[in-house]
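Here's the letter readout for the chains.
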Amino acid sequence: MKVLILANNDIGLYQFRKDIIEALLKNNEVSIALPYGERVEDLKEMGCHFIDTPLERRGMNPFKDISLYHLYKKILRESNPDLVITYTIKPNIYGGFACKNMGIPYAVNITGLGTAFEKGGMLKNLVVQLYKRALKKAKIVFFENVGNCNVFTELGIIPKEKTKILNGAGVDTNKFSLVDYPKDSEKLRFLFVGRVMAEKGIDELLTATERLVKDGYACELSVVGWCEEAYETRLQECQKAGWLKFHGFQKDVRPFIADCHCFVLPSWHEGMANTNLESASSGRPVITTNIHGCLESVEDGVTGLLVEKQNAESLYNAMKAMCDKSSEERVEMGRAGRKRMLEIFDKKMVVKETLKGLGV
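Thresholds applied
- Residues numbered from 1 in each chain as written.
- Predicted model: local features only at pLDDT ≥ 70, side-chain atom pairs only at ≥ 80, totals over all residues.
- Heavy atoms only, no water.
- Buried < 20%, exposed > 50% of the residue type's maximum accessible area, 1.4 Å probe, protein only.
- Helix = DSSP H or I, 4+ residues; strand = E, 2+ residues; numbered from the N terminus.
- Pairing = 2+ DSSP bridges.
- Right-handed = clockwise from strand over helix to strand, strands pointing away.
- Core = buried A, V, L, I, M, F, W, Y, C linked by side-chain atoms within 4.5 Å.
- Contact = heavy atoms within 4.5 Å.
- Axes fitted to C-alpha atoms, helices over the stretch in contact; angles between N-to-C directions.

> How would you explain the pairing of strand β5 (residues 106–110) if you had to name every residue and give the values?
A large share of β5 lies buried, amounting to 5 of its 5 residues. Where burial is concerned, the two faces of β5 agree: the one with Y106, V108 and I110 and the one with A107 and N109 are both buried. In terms of strand pairing, strand β4 (residues 83–87) meets β5 through 4 bridges, oriented parallel. Within β5, the residue paired with V84 across the bridge is Y106. Read as a crossover between parallel neighbours, the route from β4 over helix α4 (residues 89–102) to β5 is right-handed. For β5 and strand β6 (residues 140–143), the ladder comprises 4 bridges, and the chain directions are parallel. Considered in β6, the bridge of I110 is made with F143.

> So what's going on with the nonpolar core? Residues and values would help.
Within the largest apolar cluster, 52 residues are counted, with the highest numbers of intra-cluster contacts made by F190 and I287. The element best represented in this core is helix α12 (residues 312–324), accounting for 6 residues. When residues no more than four places from it in sequence are discounted, the contact partners of F190 are L212, C219, E220, L221, S222, C262, V264, I287, M319, M322 and C323. Formed by 36 residues, the second largest nonpolar core is a distinct cluster that contains Y72, A138, V141 and C149.

> Please provide a residue-by-residue account of the sheet that holds strand β8 (residues 188–193), values included.
Read from one edge of the open sheet, 6 strands run β10-β9-β8-β11-β12-β13, paired in parallel fashion. Either end of the sheet is taken by a strand with one partner, and the two such strands are β10 (244–248) and β13 (304–307). The mean angle between the axes of side-by-side strands here comes to 20°, regardless of whether they run parallel or antiparallel. Where β8 lies against strand β9 (residues 219–224), 6 bridges are found, and the strand directions are parallel. Within β9, the position partnered with R189 by the bridge is E220. Its contacts with the sheet put helix α8 (residues 202–214) on β8, β9, β10 and β11 (262–265), and the angle it makes with β9 is roughly 155°.

What follows is the structure, encoded as structure tokens:
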């Protein structure tokens, strides 16, 4: 079988979908259509055929994006796949339109609702209408949490019988193995990994951490990730104050997870927060938002703490509570999180369920 994967970037596809691609490559030809990036060569070495497909990840303008639809149609004609798998909003919509109109079977992955659903209004209405038409003949639509699935079914975008909920992309529990908890306790080190932007809760996180330091708590925050929005000046100011370390984008986050005492992700919306899974798998307690896509990764009070969305006070209280715990209590939380990852989120189980849903 010839399988074509449409995605918006190489890093996410390689980091989170490598295992499913490897499984598909065992009995199928696999092509990937996405913009060229640093992980493309790794994907090619795995055995994928690469098709350079430029696209703008952000913004939603059908008049501007119509060229992407035509490009996808050209790619489909030339590659003649038996099955197309799409990831993220633009490949889902414009790739979905192309497959539907050309009669090619396609499976869609909703990896999160994104900014359009978060902000609502005309943009949300536009995206809903586009999705309704693009997903009309999809073979199956995968979701990473029940909340996102319910939104789509309640809006009439897709019937429930065409959906399947996965435990996100899962986590490689061998790669993100249990690592020793830091023995030093001079400062409690919090860690954030992700795109530095408002919707990841970065404002709440900086506010809460600064307040903890002012209140006399010996703690600091490490931020790993690129600035998706203009936060460079504020991060520099926080670094000068001495309680923040900004490391920028890092290919391997494991050393940073190993060095931290607690992982924090106060995101506003997620499909399934991979960084929560990776940190829990490594044996670190997790503080995250009480929303679908985040709450699934944490058993509140057992493996970490849940906080209210866009609420710096709630986040402050949770981080304060983590500071007040003994090292032994935090270690126990981390070990409970590791156990949860092995039982529910192991990537092998997710790959198996995905292949089952695809029927390959």
